[in-house]
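# Understanding the architecture of this molecule
Each chain is listed here by its residues.
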Amino acid sequence: MRQHIAHVALVVDDYDDAIAFYTQQLNFTLVEDTALSDAKRWVLVAPPGAQECCLLLAKAAGGEQQSRVGNQTGGRVFLFLYTDNFERDYQNMRAKGITFVREPVKETYGTVAVFRDLYGNLWDLLEPAGE
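The structure displayed is predicted, hence computed values, not measured ones. (Residues numbered from 1 in each chain as written. Predicted model: local features only at pLDDT ≥ 70, side-chain atom pairs only at ≥ 80, totals over all residues. Heavy atoms only, no water.)

With respect to topology, four strands assemble into an open sheet ordered β1-β4-β3-β2, the strand pairing being mixed. Lying at the two open borders of the sheet, with one neighbouring strand each, are β1 (7–12) and β2 (29–35). Each strand axis lies, on average, 25° off the axis of its neighbour in the sheet, ignoring direction. As paired strands, strand β3 (residues 41–46) and strand β4 (residues 54–59) are joined by three bridges and run antiparallel to one another. Within the sheet, the bridge partner assigned to V45 lies in β4 and is L55. (Pairing = 2+ DSSP bridges. Helix = DSSP H or I, 4+ residues; strand = E, 2+ residues; numbered from the N terminus. Axes fitted to C-alpha atoms, helices over the stretch in contact; angles between N-to-C directions.)

To continue, consider the nonpolar core. Formed by 29 residues in total, the largest nonpolar core has its most connected members in Y22, L57 and F115. Listed by contribution, the elements that provide at least two residues to this core are β1, α1 (15–25), β3, β4, β5 (77–82), α3 (86–95), β7 (110–116) and β8 (122–128). Counting residues per element, this core draws most heavily on α1, at five residues. If we ignore the near neighbours within four places in the chain, the residues touching Y22 are L10, N27, F28, V45, L55, L57, D117 and W123. (Core = buried A, V, L, I, M, F, W, Y, C linked by side-chain atoms within 4.5 Å. Buried < 20%, exposed > 50% of the residue type's maximum accessible area, 1.4 Å probe, protein only. Contact = heavy atoms within 4.5 Å.)

Two measures describe an aromatic ring pair: the distance that separates the ring centres and the angle between the ring planes. Enumeration according to the criterion identifies eight aromatic pairs in this entry. Between F21 and Y22 the ring centres are 4.9 Å apart and the planes differ by 90°, which places this aromatic pair in the edge-to-face class. Take F21 and Y22: they sit in the same class, and that class is buried. When the ring of Y22 is compared with that of W123, the centres are 6.1 Å apart and the planes differ by 40°; the resulting orientation is tilted. You can see Y22 sitting in helix α1 and its partner W123 sitting in strand β8, a full 101 residues away along the chain. (Phe/Tyr/Trp six-rings, centres within 6.5 Å; stacked < 30°, edge-to-face > 60°.)

Following this line, the structure appears as structure tokens:
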């Protein structure tokens, strides 16, 4: 048996703002942007080199979803962006205005720093040890 996670939904305020943030500031690739209705689109973005899993940028519909924008995990780190070159990506992200809330540290498992996305969700930027 083989399974994998194909997409992770990320609730956003605005499709175009989210696309701009992920493609211009994090260097993600816009994989798909398909209109499903006047108000709903199927928008997938993925980090460079991603093979299987994409972020599905889902525009918040209604108050319940809107209340989750930027805090989908109650303040915990939400997503983990692995890199093969921490210093390169960390410097590029800082130069593009990404806010880091925890500066880089070397742990037994690798080098890690925590940053906020456009809406305030927390991410780990992580280069695993031995990469």
